[in-house]
Amino acid sequence: MNPSTKRALSKLNLIRLLSENPEGLSLEELQKVTGHKSITSLKQELGELYMIEMYPYTPSDCVEIDFDGEKVKIKLPIALNQNFPLTPAEWSLLRELVQKHKSLGKNSEQIESILKKINTVIPSEEWSLFEDTKSSIIESIQSKKILEIMYWKRSGQESEKRKIAPWILWEESDSYLLGYDVEKESFRAFRVDCILKITITEEGFDSLPDSAGEWLNGFKQLFNETKNASQTANIWVTESASFHLNQKMKLNPTGKTKTLAGIDYYEFSTEIKETGWFVQTILGYGKSVLVSAPLEIKEMILERINSITEVRLIH
């Protein structure tokens, strides 16, 4: 199962569990059945429910998470097919009963099949952000195998396939795959969170070009300059969306609030570490995030929205 599919499946399981409990569940109740080892990682995944795409709806049309400090609740404006009527406690008890029956040594194949299905609803292991992608990168570096990745182009609306001789998994504030692009014959840096699919091929490589050290020095310099020269943006965010967005970029509250079309927004300031990535990220939140400054970023977002609208009208 590729990383994107695994992340989406994990989020869908949370939707199923929460939708079956309209009165809400505490974070501790959820943690018991999702397998998360920390409340922090569970909160992060709850926030990322906003990023499940269900065209032609925006993320905010599909899922709304409400946390009052005690209970997590979910609102689904779109009627989703609910196939799992058990509560988290019932799912846990069912798994415990099946595991006890497994110890009797009867119907082993059927028991394993049932456990696998239960574990898709209440996973027994912690899901960690981009863990599989990073593990594949490390494995390919150690084995000197070419990687084939599907990469989301931050400057556009499409993905592309790339063949990379991996070199370094760079993890300083953001995670990057540094490597040699086999087809473009040049060194490149790829953000790990933009890798949609990753495959380790059987094709090996002996060594990297002699220019590797020089390119790495240039990357370090550009990376530091980008951090130091980052712009500041002012954005208005809904309360529920701010929780997830803060996992991607640090939000500094200004204390200002306003209501637009019946929706409450809170103002934050945040650094723009990379323009293309920032615009692409903001677009993913639909009407839940509005940019008020700087002007050039607002114009870029409007231009992108207009181009998407034109393409949809043409089709």
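Keep in mind it's a predicted model, so treat the numbers as computed, not measured.

## Overview of a negative patch on the surface
Then step 1. Among the surface-exposed residues, Glu64, Asp66, Asp68, Glu70, Glu239 and Asp264 lie close enough to one another that they form a single negatively charged patch.
Then step 2. Topologically, Glu239 is positioned in helix α9 (residues 239–248).
Then step 3. Given the relative accessible area of 58%, Glu239 is considered exposed.

## Points about the sheet that holds strand β5 (residues 174–181)
Then step 1. If you trace the five strands from one edge of the open sheet to the other, you get β6-β5-β4-β3-β7, paired in antiparallel fashion. Either end of the sheet is taken by a strand with one partner, and the two such strands are β6 (186–191) and β7 (195–204). This sheet shows a mean twist of 45° between the axes of neighbouring strands, independent of strand direction.
Then step 2. In this sheet, β5 lies alongside strand β4 (residues 159–172) in antiparallel orientation, the contact comprising eight bridges. Directly across from Ile164, in β5, lies its bridge partner Asp181.
Then step 3. Its contacts with the sheet put helix α7 (residues 131–143) on β3 (145–152), β4, β5 and β7, and the angle it makes with β4 is roughly 85°.

## Side note on the packing of helix α2 (residues 27–34) against helix α3 (residues 39–47)
Then step 1. Viewed as axis vectors pointing N to C, α2 and α3 meet at an angle of 90°, and their least axial separation amounts to 10 Å. Here α2 lies roughly perpendicular to α3, going by the angle between them. Along its contact with α2, which presents Leu27, Glu28, Leu30, Gln31 and Thr34, the element α3 presents Ile39, Leu42, Lys43 and Leu46.

## Here we look at α7
Then step 1. Its 13 residues give α7 an end-to-end C-alpha distance of 18 Å, which sits within 8% of 18 Å, the value for a rise of 1.5 Å per residue.
Then step 2. Residues of α7 that are buried: Thr133, Ser136, Ile137 and Ser140. Angularly, the buried residues of α7 cover 100° about the axis, an arc narrow enough to put them on a single face.
Then step 3. Downstream of α7 by one or two residues, Lys144 has phi in the positive range, about 55°.

## Considerations on α9
Then step 1. Burial in α9 covers these residues: Ala241, Ser242, His244 and Leu245.
Then step 2. On its buried side, α9 packs onto α3, β8 (231–237), β10 (263–272), α10 (275–283) and β11 (289–293).

## Section: the packing of α3 against α9
Then step 1. At a minimum axis distance of 8 Å, the contact between α3 and α9 shows a crossing angle of 110°. Taken together, the axes of α3 and α9 are roughly perpendicular relative to one another. Seen from above, α3 lies across α9 with left-handed handedness. Only Phe243, His244 and Gln247 of α9 make contact with α3, whose side of the interface consists of Lys43, Gln44 and Gly47.
Then step 2. For the contact of α3 with α9, the per-class residue count stands at one nonpolar, four polar and one charged.

## Some points on the nonpolar core
Then step 1. One finds Ile137, Ile149, Ile235, Leu245 and Phe278 to be the most contacted residues of the largest nonpolar core, which totals 31 residues.
Then step 2. Contacts of Ile137, omitting those with residues within four sequence positions, involve Leu147, Leu169, Leu177, Val192, Ile195 and Ile198.
Then step 3. Ranked by size, the runner-up nonpolar core spans 11 residues in total, among them Leu18, Leu46, Ile65 and Ile74.

## Considering the confidence of the model for the protein
Then step 1. When pLDDT is averaged along the protein, the result is 78; 77% of the residues meet or exceed 70.
Then step 2. Note that residues 52–60 has pLDDT below 50 and, in this model, 13 contacts with residues that lie over four places away or in other chains.
Then step 3. Low pLDDT, under 50, characterises residues 309–315; the stretch is placed with one contact to residues that sit more than four places away or in other chains.

## Section: the pairing of β3
Then step 1. In this sheet, β7 lies alongside β3 in antiparallel orientation, the contact comprising six bridges. In the strand pairing of β7, Glu148 is matched with Thr199.
Then step 2. Sheet topology places β3 next to β4; six bridges connect them, and they run antiparallel. By the bridge assignment for β4, Tyr151 is matched with Glu160.

## Quick word on unusual backbone geometry
Then step 1. The amide bond that connects Ala293 to the next residue, Pro294, takes the cis arrangement and shows omega of 5°.
Then step 2. Tracing the backbone through its elements, the reader meets Pro294 in the loop between β11 and α11 (295–314).
Then step 3. Although it is not a glycine, Lys144 sits at a positive phi angle of roughly 55°.
Then step 4. With respect to the helices and strands, the residue Lys144 is situated in the loop between α7 and β3.

## Brief notes about the pairing of β8
Then step 1. Across seven bridges, the pairing between β8 and β10 is antiparallel. Each bridged residue has a counterpart across the sheet, and for Gln231 the counterpart in β10 is Ile272.
Then step 2. Two strands pair when backbone bridges link them, and β8 and β11 are joined in this way by four bridges, in the antiparallel orientation. Paired with Trp236 across the two strands is Leu290, which belongs to β11.

Parameters at a glance
- Residues numbered from 1 in each chain as written.
- Predicted model: local features only at pLDDT ≥ 70, side-chain atom pairs only at ≥ 80, totals over all residues.
- Heavy atoms only, no water.
- Patch = residues over 30% accessible without salt bridge, like charges linked within 9 Å, V, L, I, M, F, W, Y side chains within 5 Å.
- Areas by Shrake-Rupley, 256 points an atom, 1.4 Å probe, with all protein chains shown as cover.
- Salt bridge = Lys/Arg side-chain N within 4 Å of Asp/Glu carboxyl O.
- Lys, Arg positive; Asp, Glu negative; His and termini not counted.
- Charge placed at Lys NZ, Arg CZ, Asp CG, Glu CD.
- Helix = DSSP H or I, 4+ residues; strand = E, 2+ residues; numbered from the N terminus.
- Buried < 20%, exposed > 50% of the residue type's maximum accessible area, 1.4 Å probe, protein only.
- Pairing = 2+ DSSP bridges.
- Axes fitted to C-alpha atoms, helices over the stretch in contact; angles between N-to-C directions.
- Contact = heavy atoms within 4.5 Å.
- Parallel < 35°, antiparallel > 145°, perpendicular 65-115°, else oblique.
- Expected span 1.5 Å × (residues − 1).
- Arc of directions from axis to C-beta.
- Left-handed = near helix turned anticlockwise from the far one by under 90°.
- Nonpolar A, V, L, I, M, F, W, Y, C, P; charged D, E, K, R; others polar.
- Core = buried A, V, L, I, M, F, W, Y, C linked by side-chain atoms within 4.5 Å.
- pLDDT = per-residue confidence, 0-100.

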